[in-house]
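Structure assessment
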Amino acid sequence: MELEIWLKHTHTHTHLLCISDDVSFVELRQSFPSQIHAISSFVDQLMSLITEFRNKDGSETEIEMALIEALENAVVHGNCEDPHKRVYVTCRCSAEGDVSITVQDEGQGFNAGTLPDPTAPENRLRTSGRGST
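Below: a short report on this structure. (Residues numbered from 1 in each chain as written. Predicted model: local features only at pLDDT ≥ 70, side-chain atom pairs only at ≥ 80, totals over all residues. Heavy atoms only, no water.)

Tallying secondary structure elements over the protein gives two helices and five strands in all. Ordered by position in the sequence, the α and β elements of the protein form the string β-β-β-α-α-β-β. The buried share among the 133 residues of the protein stands at 32%. Long-range contacts, defined here as pairs at least 24 residues apart, represent 45% of the contacts in the protein between residues at least 6 apart. (Helix = DSSP H or I, 4+ residues; strand = E, 2+ residues; numbered from the N terminus. Buried < 20%, exposed > 50% of the residue type's maximum accessible area, 1.4 Å probe, protein only. Contact = heavy atoms within 4.5 Å.)

What follows is the structure in structure tokens.
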């Protein structure tokens, strides 16, 4: 079993590359200040990594849209656009096409049990309110 792990730190992010007979993936951990204008360049960088490492399968646009939405929610709703707070992102993708992205903010959070059911007929066409009250 061949195993190679590569870890690179910079002041804002960490790259982890793991290659073995069983699994091959790359992981990026990065954070940025809670400012809307920081999202676009961050998404460009992360999507570049994703498309470079994994096989293209046509889902790149959907991944990018979901990433933008999650980052905007973290900046606007989670951190209330406080530039002193940060948004933390962990992305792991494999050559087989699997992508996992975790977005965390420094906000207070909320009780998901108090949210209205987004699949209820009266809520299906709502464009907001699915992540907080």
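The structure having been displayed, the exposition proceeds.
Ranked by size, the top nonpolar core spans 20 residues in total, and within it Phe32, Leu46, Ile50, Leu71, Val87 and Val89 carry the most contacts. For this core, the elements supplying multiple residues, two or more each, are strand 3 (24–33), helix 1 (37–53), helix 2 (60–78) and strand 4 (86–94). Broken down by element, this core gets its largest block of residues, eight residues, from helix 1. Ignoring any residue separated from it by four or fewer positions in sequence, one finds Phe32 in contact with Ala38, Ile39, Phe42, Leu71, Val75, Lys85, Arg86, Val87 and Val89. (Core = buried A, V, L, I, M, F, W, Y, C linked by side-chain atoms within 4.5 Å.)

What the rule picks out here adds up to two salt bridges. A salt bridge links Arg29 to Glu27; the shortest N-O distance between them is 2.5 Å. Judged by relative accessible area, which is 43%, Arg29 ranks as partly exposed. Residues Arg92 and Glu27 are paired through a salt bridge, measuring 3.0 Å at the closest nitrogen-oxygen approach. Of this pair, Arg92 sits in strand 4 while Glu27 sits in strand 3, and the two are 65 residues apart along the sequence. The class of Arg92 is partly exposed, set by a relative accessible area of 37%. One salt-bridge network, held together by shared partners, links Glu27, Arg29 and Arg92. (Salt bridge = Lys/Arg side-chain N within 4 Å of Asp/Glu carboxyl O.)

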